[in-house]
Amino acid sequence: MNKLLLTTAMAALISTGAMAQSTVVTTTGTGHAAAVQIEPEYRTKIRTYVTEHKVRPVQQKIVVGQPVPREVELEVVPADWGPSLTKFRYVYSGERVMLVDPSTRTVVQEID
């Protein structure tokens with residue numbers, strides 16, 4: 001019994017260690033409004049991209065956890081923002097980049 005418990009505990013520790021290896025983006029939470037953790041260097045890349053490409057902000061109020069109105073066009077996330085972000089779309093609103101889950105149009109993260 002002790003060997004089984006020890007083996008189970010070791011397997012849990014090993015799998016936890018493997019999961020702890022950092023990637024660029026980690027999604028936490030449940031439901032549509034899961035928080036996205038973005039490394040600082042990627043936040044800088046995102047802000048630089050929006051500034052250099054003169055992305056036009058939308059006029060509607062965009063809020064984390066709420067769906068983006070249908071009339072607002074969602075922009076494709078560029079590959080250089082990191083491979084884990086390409087599944088999202090974004091909206092530029094009020095000098096903020098908002099990551100959007102395209103399947104639900106829900107804002108999942110504000111990038112300040």
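It should be noted that the structure appears before, not after, this text.
Predicted model only: the values in this text are computed from it and were never measured. Residue positions are given per chain, counted from 1 along the sequence in the order it is written. Under the rules for a predicted model, residues below a pLDDT of 70 receive no local features and side-chain atom pairs below 80 are neither given nor counted, while totals for whole chains, interfaces and linings still include all residues. The basis for the side-chain values is all heavy atoms of the structure; hydrogens and waters are excluded.

Quick notes on the packing of aromatic side chains
- Side-chain rings of Phe, Tyr and Trp, where Trp is taken by its six-membered ring, are said to pair if the distance between their centres is within 6.5 Å; with planes under 30 degrees apart they count as stacked, over 60 as edge-to-face, and otherwise as tilted. Evaluation of the coordinates by the stated rule reveals 2 aromatic pairs.
- Centre to centre, the rings of Tyr49 and Trp81 are 5.5 Å apart; their planes meet at 85 degrees, and the pair counts as edge-to-face. Of the two residues, Tyr49 is situated in helix 2 (residues 40-52) and Trp81 in the loop between strand 3 (75-76) and strand 4 (89-93); the sequence distance between them amounts to 32 residues.
- With a relative accessible area of 0%, Trp81 lands in the buried category.
- Residues Trp81 and Tyr90 carry aromatic rings whose centres are separated by 4.8 Å and whose planes lie at 45 degrees to one another, so their mutual orientation is tilted. Tyr90 carries the same exposure label as Trp81, and that label is buried.
- Each residue in the set Tyr49, Trp81 and Tyr90 is aromatic and connected to the rest through ring pairs, giving one cluster. We count a stretch as a helix when DSSP gives it H or I for four or more residues in a row; a strand needs E for two or more, and each element gets its number in order from the N terminus. Relative accessible area decides the class of each residue, using a 1.4 Å probe on protein chains only: under 20% of the type maximum gives buried, over 50% gives exposed, and in between gives partly exposed.

Description of the pairing of strand 6 (residues 106-111)
- Judged by how many residues are buried, strand 6 sits mostly within the fold: 5 of 6 residues are covered.
- We treat two strands as partners when DSSP finds at least two bridges between them. Of the strand pairs in this sheet, strand 5 (residues 96-101) and strand 6 are connected by 5 bridges, and their pairing is antiparallel. Among the inter-strand pairings, Val100 is bridged to a residue of strand 6, identified as Val107.
- Between strand 5 and strand 6, which pair antiparallel in sequence order, lie 4 residues; one of them, Arg105, sits at a positive phi of approximately 65 degrees.

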